[in-house]
Structures are given as structure tokens and as C-alpha cells.
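# Architecture at a glance
Residues per chain, in single letters:
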Amino acid sequence: MNRKIIHIDMDAFYASVEQRDNPKLRGKPVIVGGRSESRGVVATCSYEARQYGIRSAMPTSKALRLCPHAILISPRFETYRAISGQIRTLMLAITPLVEPLSLDEAYLDVTNNQHERGSAIRIAERLRQEIYSATELTASAGVSYNKMLAKIASDLNKPNGLSVILPEQGADFIATLPIEKIHGIGKATTTKMHQMRIKTGADLKAAGEALLIRHFGKMGFFYYQIACGNDPREVKPQRERKSIGVEKTFAQDLTHPDNILAALYEKNHEAFSLLREKQQHAKTLTIKLKYSDFSQITRSHSINPYFMTAENADYWIAELYRQIPTNQGVRLVGVSYSNFTERSNAPQQMSLFHIT
Ligand code: DCP
Ligand code: MG
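Residues numbered from 1 in each chain as written. Chains lettered and ligands numbered in written order. Predicted model: local features only at pLDDT ≥ 70, side-chain atom pairs only at ≥ 80, totals over all residues. Heavy atoms only, no water.

Attention shifts here to the confidence of the model for the chain. Per-residue confidence for the chain gives a mean pLDDT of 92, with 95% of residues at or over 70. Confidence over residues 344-356 falls short of pLDDT 50; this stretch has 20 contacts with residues more than four positions distant or in other chains. (pLDDT = per-residue confidence, 0-100. Contact = heavy atoms within 4.5 Å.)

Burial analysis of strand β10 (residues 281-291) places 11 of its 11 residues in the buried class, the great majority of the element. Judged from the seven bridges that link them, β10 and strand β11 (residues 296-302) form a sheet pairing that is antiparallel. Of the residues in β11, the one forming a bridge with K290 is Q296. Linkage of β10 to β11, two consecutive antiparallel strands, is achieved through a turn of four residues, within which F294 is found at a positive phi near 75°. (Buried < 20%, exposed > 50% of the residue type's maximum accessible area, 1.4 Å probe, protein only. Helix = DSSP H or I, 4+ residues; strand = E, 2+ residues; numbered from the N terminus. Pairing = 2+ DSSP bridges.)

So, about unusual backbone geometry. What is expected of a backbone is that most residues other than glycine have negative phi and most peptide bonds are trans. Put simply, K158 and P159 share a cis peptide bond, and its omega is -10°. Structurally, P159 can be placed in the loop between α6 (147-156) and β8 (162-164). The residue after N304, namely P305, is reached through a cis peptide bond having omega -10°. Secondary-structure assignment places P305 in the loop between β11 and α13 (310-322). Phi at F294 takes a positive value of approximately 75°, unusual for a residue other than glycine. On the secondary structure map, F294 appears in the loop between β10 and β11.

In this section: the coordination of the magnesium ion (ligand 2). Surrounding the magnesium ion (ligand 2) are the protein donor atoms D9 (OD), M10 (O) and D104 (OD), at 2.0 to 2.2 Å. With six donor atoms in place around the magnesium ion (ligand 2) and angles of 84 to 178° between them, the coordination shape is octahedral. Along the chain, the residues donating to the magnesium ion (ligand 2) fall in the pattern D-M-x93-D. Of this pair, D9 sits in strand β1 (residues 5-10) while D104 sits in the loop between β5 (98-102) and β6 (105-109); the two residues are 95 residues apart in sequence, bridging distant segments of the chain. One exposure class covers both D9 and D104, and it is buried. (Donors = N, O, S within 2.8 Å, 3.2 Å for Na, K, Ca; no water. Tetrahedral: all angles 85-135°; square planar, octahedral: opposite > 155°, others 65-115°.)

Structure, rendered in C-alpha cells:
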């Protein structure tokens, strides 16, 4: 039986929140991001700003060149997180099968749901209305029979729209789709596929499973499934997010990488002691840095069966830290442990995708 999956994605999320909370920003090009003097980037921008070609991840300096009268706002993550929680509560009132992807995005599996007489489309419409009533923010929804198509669908009628890809339309839809629209095919893979003359879903399917696996390993199998209109991934509801960690905000921003790393090590040893005190074993380590412009970054690493010593975790902290840009001062560092496991019962590593 076909599943019924809904993907919800808030419209211009951070920017819409800023316009909601400050009426003077409504109807104007608004950029939420880091300051151009400190080499900040655009987190997102209002639809008015998108008309000038401004996009997420663009350097703020470039964005302001494209639209000099755009209004630049620093992000307020606590507010976005709180709204995200409100939206999550509305989703959980419909089904426990909610898988959040980020603050503004989630999948719902409503295959066996009895709301709205089982109509996924009506459930999605109702949820969009409830989100709007509770937050005054608009969301777009995609409804389909798997995650990939639901996510692509939610983009089709943005902003404030809903779109449906029916089971009988899935294969044809994927066939004409440019491969870069497939979630999980990033810039590097797109380039490689273009070199192989794979431009659309149809090309991807024609390439065949064996060739895709040869060139892309495990992902090749996944790409082939997608090209056939199948996405076997299940909606995985988030387990209760328990974590143990410590953070520190500095009176003066740290700028030297050695000092930042030393601070991370120090917080790690404190966090690890807490873990020991609570007799927990954690598979996942997360480091967090907050920069001078209040933007923040987190990086995680998971190991099997769990982190046994603080020194072993130090090694991974250094590895994670190496991958993080440090062209700004750091005002806060944090280290936390999550994904707790029983000592005797550490589960084996999960495969990348659940094949059903
Ligand atoms: N975000 C970010 N950096 C990025 C992309 C996104 O900080 N490179 C943040 C800001 C966005 C939020 O995540 O508001 C959600 O990301 P989306 O990609 O869903 O973008 P928007 O919700 O802003 O716009 P859209 O209407 O296209 O969904
Ligand atoms: Mg969004």
C-alpha cells in the first residue's frame, strides 16, 4: 500500500518572523544574517529581497551590492526555536510520526491517520491553517507517497501553497526533474553526473543501477530507487532529545584557534564528568560555537559503541573543529553528549537507509 507523507516547510522562515515582529519590515527586502564587515553570510531573506537575486549562504556584502536598500537583521535563534516548538506541538497533535529536519521543516507520516477522514491533503491544509492561526506565519506543504517527492512538492507552490504528487504521477515527475533538484545530490555529484551526461531523472534511470553503484557506491543504489519514483526511507520520529553538556560565554571574544580549541577541551572534560556522574554512555558528541555576530554553528560526531574517555572525545573535538570556519571572534563554546545507550546493549551501527 502506498504511504501518505506530508512535508511542511515554512516560508522564508527567519525573515518572515522578523517581518511579523516588526511591521516596518513588511513588504521590504529583509536579509537575516551576519554583518558584511565581519564577512557574514545571508541565513535567509524575505521574498521581496529574493527579487534582487539574494539567496541563502550568499556573502552579505554581495547581497547588499545586489540590493543596497535591503535591511539587514541579526538572527534571533531563541525566538525561531520557540516558534519551531509551537509548530512541532501542532504537528504532534496530528500524529506522533513527525520527523523534524530543521527548525522550519518536518515530515509527517499520515498513512494510517484518521483525521480528515484519512485525506493527507486535507490534513496538510488544516495544519497550514493551524500554523498560521498560532504563529501568523505561512507554511508550504507537499503531499506525496514518499519523503523525496513530498519534499520536492512542498517547493512547487511556495510561498503559502500546497502541492500534491500522486502515486501514478511520481515516476513521470521524477523523469523530467533535473537531477540537482533531488535532495541528497549536491554540487559535486551534480557536476559528476553532468559529466556522465546524466541531467534528468530519466537519464539517471537509464544509467542503470549497476553503473550508479559503481560510480557512487551505496548512494548509487539510493539514486536509482529515486529515479524509479521510489524512496524507501521511513519517517523517523525524533526520539526524546536528551543531552548533557556545558557552555561558556566569554567576556571577550576568543580569536586565536588554539584558545578556542583549549576552551572546547575544557568544556569537554566538564561535560564528560557530568556524563560519568549520571552514569550515562553517549554515542554522539556535539560541539557548538557562537560567533561575534551571534550566528552559531554545531558539529556532531557519533561513534560505536559510545565515548569511553574524555581524551578520545578530545580527538574528535579537534577533528570537528578543523572543519569549522573561524574567520570571526567566538563568544561562546559548548560541548554536549547525546544519544545515550546502555553499556551492555549498544546497538549496532544503523544502515544509511531502511530498505523496506
Ligand atoms: N538557513 C540558514 N542558512 C542556509 C539555509 C537556511 O541559516 N544556508 C536558515 C534560515 C531559513 C531557515 O534555515 O529561514 C529555513 O531554511 P529554508 O531553506 O527552508 O529557507 P526559508 O524558509 O528561509 O525559505 P523558503 O521559503 O525557500 O523555504
Ligand atoms: Mg523554509
